[in-house]
Amino acid sequence: MHFRTSLIALASVFSIGNAVAGTTTIAFNESSTANSAVQFSGSLTASGLNTDTGVTLTGLLDASVYSLSFSASLDYVGSWRKLVDFQGLSEDTGLYLHDGQLAIYLGYQVSPSLGDTLTGTDTVQSNEPVTVSLTRTAEGLVTASLNNVVQFSFSDLFSKAVFMTSSNGQTVVNILRDDTVTVSEQGTGTLHTISLTSEGSPDLNLPMAAAVPEPESMALAAVGLVTALGVARRRQ
């Protein structure tokens, strides 16, 4: 069965426009109700949405203060597979799996000694269920977790993890959709659920993010990066 439709199950009330405070859970199943805020192409199975083009969410998440979590099983985790796109598919920056490890490509060299990519330490395998979580605070602290274990954290002074807003002010979030810059890093597989929390609601049962650095650490913060449980390198 092939669908070009929209599915959403609401855990709390959201406006289909600018997101309001609260949490929404998107469940990909036959009983979900249609909603234009969630666009996808793929087939619905007992375990979720089987897709090779991902999902676009519109107006469901605050652009800069949010918690985003989704569970999926990917057909292939080798090389680079884009998980979350921030800029309407127009930039290569975003959250990835790189050879099975969670990574974020920032698009700039953090410092002479650091590259342009932060990478976690844990590894997932192809077709293995995995939960990916991403949070951004009002202070710009971004934390990425894999299976509820923090992989890295950084100070987003250049707003690389702020989502694009459309011409009518709605935030656009793309999950498992590759940008138009590379077009060779599309992830395919099954999306099980997506959970979105806006306006800085703090808890998705994730480990606490790393603390904001003290003044003696601001040399790193000045270039926009404070790492925790991750390594940085230049993307190839």
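Residues numbered from 1 in each chain as written. Predicted model: local features only at pLDDT ≥ 70, side-chain atom pairs only at ≥ 80, totals over all residues. Heavy atoms only, no water.

Attention now goes to the confidence of the model for the protein. Atom-level detail of predicted coordinates should not be read off regions where pLDDT is low. Of the residues in the protein, 70% have a pLDDT of 70 or more, and the chain-wide mean is 79. Within the protein, strand β11 (residues 130-136) carries the highest mean pLDDT (98), whereas strand β1 (residues 3-5) carries the lowest (33). Between residues 1-18, whose pLDDT stays under 50, and residues either more than four places distant or in other chains, the model counts 73 contacts. Counting interchain partners and residues more than four positions distant, the pLDDT-below-50 stretch residues 200-229 has 58 contacts. (pLDDT = per-residue confidence, 0-100. Helix = DSSP H or I, 4+ residues; strand = E, 2+ residues; numbered from the N terminus. Contact = heavy atoms within 4.5 Å.)

Let us now look at unusual backbone geometry. One non-glycine residue, Ser159, lies in positive phi territory at about 60°. Residue placement: Ser159 occurs in the loop between β13 (149-155) and β14 (172-175). Its relative accessible area of 37% is what places Ser159 among the partly exposed residues. (Buried < 20%, exposed > 50% of the residue type's maximum accessible area, 1.4 Å probe, protein only.)

This paragraph deals with the packing of aromatic side chains. Overall, the coordinates contain 5 aromatic pairs when judged by the stated rule. Seen in terms of ring centroids, Phe28 and Phe40 are 5.7 Å apart; in terms of plane orientation they differ by 85°. Their pairing is edge-to-face. Of this pair, Phe28 sits in the loop between β2 (22-27) and β3 (38-45) while Phe40 is found in strand β3, placing the two residues 12 residues apart along the sequence. Note on Trp80 and Tyr96: the rings are 5.4 Å apart at their centroids and 90° apart in plane angle, and the pair reads as edge-to-face. Taken together, the residues span a long stretch of sequence, with Trp80 in strand β7 (residues 80-85) and Tyr96 in strand β8 (residues 94-98) at a distance of 16 residues. Considered together, Trp80 and Tyr96 belong to a single accessibility category, that of buried residues. (Phe/Tyr/Trp six-rings, centres within 6.5 Å; stacked < 30°, edge-to-face > 60°.)

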